[in-house]
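# Structure at a glance
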Amino acid sequence: MGIANSYKPGQSFALPEPLTDGSRAAPLLLGFADFTRGMTDFLREQHGAAQSDLSVTMTFTGTSERPTRIAGLRVATVQRLAPMDGTVIRTYSGSDHPPINVVVDLDGPMPDVAQSGRPYFNDHQTDVTSSDREPFRVTFTGQRHSYQWVMAVDAIGPDGNLLTSYFGTTGQLVDRPERVPQSEAFRLTGPAPSYKVEYSNAGSGSAFHLVRP
């Protein structure tokens, strides 16, 4: 399967620690040629996260010409901590993203993939073969904590057996959630009351500058 993040114009990001070291801050100060890829890699290296919402496109394909039915997609494990308050990174606000397909509220007691307020897979099932590419655009939201989670996908194979697989940001499917490396877990953070360090930029793809301290 394929995994791709996307960030809306005006998206903010946060890091758990103050970023004042010149070498660690260099990617921000120089700017990213490919903003989405550059920021995704930077957040992974600094253990940071997008703030308040994160859109991820998950593309599923079958394993044979006989269809595999995607019967469920859900958050398998989620860890909630205090919002990250070390560094905030703010970007310029421009035009909006296209409409969202499905949403997961990580502040809910049982985060579920939903559409129009209802669990999506209560009303839908999707069949894929090895020649199909079926994308799900999933937007995760959370305001109260910082979050780290692993996804689970339930599929009914050509033999009729139900199989649950787990995955993180690389899209590599494994048979148990604990086999997803912590470095590959999805991450998001709610806003903190204040930050020790703040960066901002003038537009997507341009270099950031230190606002404070």
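Just above, that's the structure.
Now for a quick tour of the structure. Nothing here was measured: the structure is a model prediction, and the numbers come from that model.

## Quick word on the overall build of the chain
Counting secondary structure elements, the chain contains three helices and 16 strands. Taken over C-alpha atoms, the radius of gyration comes to 18 Å for the chain, in line with the 17 Å a tight globule of 213 residues would show. When the backbone C-alpha atoms are referred to their principal axes, the chain occupies close to 60 × 35 × 35 Å. Looking at the 213 residues of the chain, the share that counts as buried comes to 44%.

## Thoughts on the pairing of strand 15 (residues 197-201)
Each regular strand carries side chains that alternate between the two faces of the sheet. In terms of burial, strand 15 is a largely internal element, five of the five residues being buried. Of the two faces of strand 15, the one carrying V197, Y199 and N201 and the one carrying E198 and S200 are both buried. Sheet topology places strand 6 (residues 87-90) next to strand 15; four bridges connect them, and they run parallel. If you follow T87 over to strand 15, its bridge partner there is V197. Examined bridge by bridge, strand 15 and strand 16 (residues 208-212) share four bridges and lie antiparallel to one another. Residue pairing across strands places Y199 opposite L210, the latter belonging to strand 16.

## A word on the pattern of salt bridges
Taken as a whole, this structure holds 10 salt bridges when the rule is applied. The salt bridge involving D41 is made with R44; its shortest N-O contact spans 3.1 Å. Here D41 pairs with R44, and both are found in helix 2 (residues 35-46), just three residues apart, close to one helical turn. Salt bridges here are not isolated pairs; linked through shared partners, they connect D175, R176, E178 and R179.

## Comments concerning the nonpolar core
Side chains of nonpolar character tend, in soluble globular proteins, to be buried together. M39, M58, L73, F140, W149 and M151 are the most contacted members of the largest nonpolar core, which totals 41 residues. With five residues, the single largest contributor to this core is strand 12 (residues 146-156). Leaving out residues up to four positions away in the same chain, L73 has contacts with M58, F60, D112, V113, F121, V138, M151, A152, V153 and F167. A14, A49, V88 and A192 belong to the second-largest nonpolar core, a separate cluster that totals six residues.

## What to know about the environment of R144
Among the secondary structure elements, R144 is positioned in the loop between strand 11 (134-141) and strand 12. R144 sits in the exposed class, given a relative accessible area of 57%. For the pair R144 and T189, spaced 45 residues apart in sequence, the C-alpha separation works out to 8.0 Å. In contact with R144, not counting residues within four places along its chain, are P83 and D107.

Reading the values: rules and limits
- Residues numbered from 1 in each chain as written.
- Predicted model: local features only at pLDDT ≥ 70, side-chain atom pairs only at ≥ 80, totals over all residues.
- Heavy atoms only, no water.
- Helix = DSSP H or I, 4+ residues; strand = E, 2+ residues; numbered from the N terminus.
- Rg over C-alpha atoms; globule rule 2.2 N^0.38 Å.
- Buried < 20%, exposed > 50% of the residue type's maximum accessible area, 1.4 Å probe, protein only.
- Pairing = 2+ DSSP bridges.
- Salt bridge = Lys/Arg side-chain N within 4 Å of Asp/Glu carboxyl O.
- Core = buried A, V, L, I, M, F, W, Y, C linked by side-chain atoms within 4.5 Å.
- Contact = heavy atoms within 4.5 Å.

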